Amino acid sequence: MYRVLLVDDERIILEGISAIMDWEACGARLIGTARNGLDAKALAEREKPDIIITDIRMPGMDGLQLVEAVKETQPDVEFIMLSGFGDFEYARTAMRYGVKHYLTKPCNERAIEEALKSTVAELDRRLSREAFIRQTEERLAQVLPHARERMLQELVTNKTYGRSDWERIVRLAGLPEGGGRVRLLVFEPEGGPEFELLFALKNMAEELLGSLVLLGTADGRQVILLVSGEAEPDLLAAGVDTVLKTFARFYRREATAALSEPGEAAEARRLYREAQECLAYRFYLGEGGLITKQELAASGPEVEPPAIDEERLWLLVKSGHWEEARRRLGDFFEALTKMRPAAAVAKSLLIPLYIGCMRQGDPAELDRRMKAIEAFDRLDTLQGMTDHIAQAVREVCETNYERHRTRHSEIVAKLEACVREHLGNPQLSLHWAAREVLFMNPDYLGKLFRQATGEKFSHYVTRLRIEKAIEMIKETDDVKVYEIADRIGFGDNPQYFSQVFKRHTGFTPSEYKRSV
């Protein structure tokens, strides 16, 4: 209900309107009356009305002065003006203060009611708009960081956008336009990508590099940062060195960084490729440092390699899908053969690919497989090199496949044991088990469980609880429904337990007790 203040210097009119109006039917409540503008102003300051119905001609402070005074401190208050004078000037002045309803006395109950309902409807629309704007702002605040990360991924990976598309994304992401210069900085942890490591490395880089970072994201295997191209190169290099040393100290894991040359933000994809080219040489230049274009100056002429989605390939290897990995490798090797590269060029393309695939395997086997790189020096044909890689990748894929299959079975067994142990806990849920017992991502855990059992986790828990309830009913004649509900995890909600029980058995617990 909206709060209404009624103001008129004529007592008969004041009492008459107060009595005859069905305020509640209009969506309002009369909170007070005043005989002049001064009293009305004081009452408005104290009671905070939403609507003021006021006469214009009053002693001390007239209605128009009252509107002006109240609007200074309470701009959202709506006014309905009453006047015994049909002078247009009063109406025009009232409208200047935002008054939409100007009624000439004598006015009947219906006219006032229509004006009040119209004002209430306007206040409803205003509240709805404000609520929508508030919700939109809250949602934007939540999604904007993720949206900006996604925009950066689009900037550096999407091959279909044109110049105008880039410029639009640059504006939406709040990046420098026109003469603004940027660089692409890429970090990659050694030993294979892990979400926790990438998340920590991204946070470290953004914090330690501070205002130099314009946008940041983690794409599943790397941390990608768009940094200011106006930064002093030595200052930026020192900051990157601090990030790498801090990461190595906390996580006992090296990471390598690659930095592009400066360019426009709309050229981010080209800058990203440049940084990737730098990163591909980390085997030669050493891990745990920053690689720039200058380090590659002595590497000979550049060769554009055939396209291969390394991220997808590594995911296939890590998950043990050999047939699809073999097909992708075969396409890459065929394209490489058509290039007829020199041996040194072929090695520069194949060795990083080999290393990336080997890092998807068992860490305990990594040293042995890294030593196998020496075999490339003994191979003098491209076919020999590609066969060597294919065989090694196949071994990693097959090992990963068996390990995943065993590990998934163990995880599902642990989850089933957790359910049996905590069946009476009302908090038992997939998220609870993932967080408190197995320390895993709940979505991933739910998918594993369903793949292994063919049943949703929630259905599995409910089924076991109903089976336990049936067992209790059969074993104990005088067991109460609320006792069963409490002991099998429904807490203090026996009514809900009864509904679930009937949905699964066709009987309520009481009916089932009588039937056994």
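Residues numbered from 1 in each chain as written. Predicted model: local features only at pLDDT ≥ 70, side-chain atom pairs only at ≥ 80, totals over all residues. Heavy atoms only, no water.

1. Here's the deal with the overall build of the chain
Next up, step 1: A tally of regular secondary structure across the chain gives 22 helices and eleven strands.
Next up, step 2: The burial tally for the chain puts 43% of its 516 residues in the buried class.
Next up, step 3: In the chain, the share of contacts with a sequence separation of at least 24, taken over all contacts with a separation of at least 6, comes to 65%.
Next up, step 4: Total accessible area on the chain stands at roughly 28,000 Å², and carbon and sulfur atoms take up 50% of it. (Helix = DSSP H or I, 4+ residues; strand = E, 2+ residues; numbered from the N terminus. Buried < 20%, exposed > 50% of the residue type's maximum accessible area, 1.4 Å probe, protein only. Contact = heavy atoms within 4.5 Å. Areas by Shrake-Rupley, 256 points an atom, 1.4 Å probe, with all protein chains shown as cover.)

2. Observations regarding the pairing of strand 4 (residues 78–83)
Next up, step 1: Buried residues dominate strand 4, accounting for six of its six residues.
Next up, step 2: The alternating pattern of strand 4 places Glu78, Ile80 and Leu82 on one face and Phe79, Met81 and Ser83 on the opposite face, and all of these are buried.
Next up, step 3: As judged from the four bridges shared by strand 4 and strand 5 (residues 101–104), these two strands associate in the parallel manner. Directly across from Leu82, in strand 5, lies its bridge partner Leu103. (Pairing = 2+ DSSP bridges.)

3. Observations concerning the pattern of salt bridges
Next up, step 1: Counted under the stated rule, the structure contains 25 salt bridges.
Next up, step 2: Ionic pairing is found between Glu45 and Lys41, a salt bridge with its closest N-O pair at 2.7 Å. Placement of the pair is Glu45 and Lys41 together in helix 2 (residues 37–47), with a separation of four residues, close to one helical turn.
Next up, step 3: Each of the salt bridges in this network shares a partner with another, and the network as a whole consists of Glu324, Arg327, Arg328 and Asp331. (Salt bridge = Lys/Arg side-chain N within 4 Å of Asp/Glu carboxyl O.)

4. Considerations on the packing of aromatic side chains
Next up, step 1: Scanning all chains against the criterion turns up ten aromatic pairs.
Next up, step 2: For the ring pair Phe449 and Phe457, a centre distance of 5.6 Å and an interplane angle of 80° mean the geometry is edge-to-face. The pair Phe449 / Phe457 is uniform in exposure class, with both members buried.
Next up, step 3: When the ring of Phe507 is compared with that of Tyr512, the centres are 6.3 Å apart and the planes differ by 70°; the resulting orientation is edge-to-face.
Next up, step 4: Judged by its relative accessible area of 36%, Phe507 is partly exposed.
Next up, step 5: Judged by relative accessible area, which is 14%, Tyr512 ranks as buried.
Next up, step 6: Three or more aromatic residues joined by ring pairs make a cluster, and in this case those are Phe490, Tyr496, Phe497, Phe501, Phe507 and Tyr512.
Next up, step 7: For Arg465, the ring lying beneath its charged end belongs to Phe490, and the centroid distance is 5.8 Å. (Phe/Tyr/Trp six-rings, centres within 6.5 Å; stacked < 30°, edge-to-face > 60°. Lys NZ or Arg CZ within 6 Å of the ring centre and 35° of its normal.)

5. Topic: the confidence of the model for the chain
Next up, step 1: Per-residue confidence for the chain gives a mean pLDDT of 82; residues scoring 70 or more make up 84%.
Next up, step 2: Mean pLDDT values over the elements of the chain span from 49, in helix 10 (residues 282–285), up to 94, in strand 1 (residues 2–7).
Next up, step 3: Taken as a whole, residues 298–303 scores under 50 in pLDDT and shows five contacts with residues more than four places along the chain or in a different chain. (pLDDT = per-residue confidence, 0-100.)

6. So, helix 19 (residues 457–475)
Next up, step 1: In this model, helix 19 (19 residues) spans 27 Å end to end at C-alpha, consistent with the 27 Å of a helix rising 1.5 Å per residue.
Next up, step 2: Of all the residues in helix 19, the buried ones are Phe457, Tyr460, Val461, Leu464, Arg465, Ile466, Ala469, Ile470, Met472 and Ile473. (Expected span 1.5 Å × (residues − 1).)

7. Description of the pairing of strand 1
Next up, step 1: Strand 1 sits mainly inside the fold: five of its six residues count as buried.
Next up, step 2: Both strand 1 and strand 2 (residues 28–34) contribute to a ladder of six bridges, which runs parallel. Paired with Val4 across the strands is Leu30, a residue of strand 2.
Next up, step 3: Each parallel crossover has a hand, and the one from strand 1 via helix 1 (residues 11–20) to strand 2 is right-handed.
Next up, step 4: Two strands pair when backbone bridges link them, and strand 1 and strand 3 (residues 51–55) are joined in this way by four bridges, in the parallel orientation. (Right-handed = clockwise from strand over helix to strand, strands pointing away.)

8. A closer look at the packing of helix 17 (residues 430–438) against helix 18 (residues 442–453)
Next up, step 1: Running from N to C, helix 17 and helix 18 cross one another at 105°; their axes reach a closest spacing of 9 Å. Of the possible angle classes, the one that applies to helix 17 and helix 18 is roughly perpendicular. Contacts from Leu430, His431, Ala434 and Leu438 of helix 17 reach helix 18 at Pro442, Leu445 and Gly446.
Next up, step 2: Of the residues contributing to the contact of helix 17 with helix 18, the split by class is five nonpolar, two polar and no charged. (Axes fitted to C-alpha atoms, helices over the stretch in contact; angles between N-to-C directions. Parallel < 35°, antiparallel > 145°, perpendicular 65-115°, else oblique. Nonpolar A, V, L, I, M, F, W, Y, C, P; charged D, E, K, R; others polar.)

9. What to know about the sheet that holds strand 3
Next up, step 1: Judged by pairing direction, the sheet is parallel, and its five strands sit side by side in the order 2-1-3-4-5 without closing on themselves. Two strands lie at the open edges of the sheet, namely strand 2 and strand 5, each paired on one side alone. Pairwise comparison of adjacent strand axes, ignoring direction, gives a mean angle of 20° for this sheet.
Next up, step 2: In the packing of helix 3 (residues 63–73) onto the sheet, the strands contacted are strand 1, strand 3 and strand 4, and the crossing angle to strand 4 comes to about 170°.

10. Topic: the nonpolar core
Next up, step 1: Counting 28 residues, the largest nonpolar core has Leu313, Val317, Leu350, Met358, Phe376 and Val393 as the members making the most contacts within it.
Next up, step 2: Of all the secondary structure elements, the ones that give two or more residues to this core are helix 11 (310–319), helix 12 (322–339), helix 13 (343–358) and helix 16 (382–421).
Next up, step 3: The element contributing the most residues to this core is helix 13, with nine residues.
Next up, step 4: In this structure Val393 touches Val317, Trp322, Leu329, Cys357 and Met358, once residues within four positions along its chain are discounted.
Next up, step 5: Counting residues in hydrophobic clusters, the runner-up holds 22 residues, among them Leu197, Val213, Ala257 and Leu259. (Core = buried A, V, L, I, M, F, W, Y, C linked by side-chain atoms within 4.5 Å.)

11. Let's talk about empty space enclosed by the protein
Next up, step 1: Taken as a whole, this structure holds two cavities of 30 Å³ or more when the rule is applied.
Next up, step 2: Looking at the second largest cavity, its volume works out to about 40 Å³.
Next up, step 3: In terms of lining, the second largest cavity is formed by Gly361, Asp362, Glu365, Arg369, Val396, Thr399, Asn400 and Arg403.
Next up, step 4: Looking at the lining of the second largest cavity, the elements that each hand over two or more residues are helix 14 (363–371) and helix 16.
Next up, step 5: For the lining of the second largest cavity, the element with the highest residue contribution is helix 16, accounting for four residues. (1 Å grid on protein atoms, 1.4 Å probe; cavity = no way out; pocket = protein on both sides within 12 Å on 5 of 7 lines; lining within 4 Å. Points joined across faces, edges and corners; volume = space filled by probe spheres on them.)

12. Observations concerning the side chain of His101
Next up, step 1: Looking at the element boundaries, His101 is found in strand 5.
Next up, step 2: Within the local environment of His101, its side chain forms a polar contact with the side chain of Ser118, the two groups lying 3.3 Å apart.
Next up, step 3: For His101, the residues in contact, after removing those within four places along its chain, are Phe79, Ile80, Met81, Ala115, Ser118 and Thr119. (Polar contact = N/O pair within 3.5 Å; in protein donor to acceptor, adjacent residues only side chain to side chain.)

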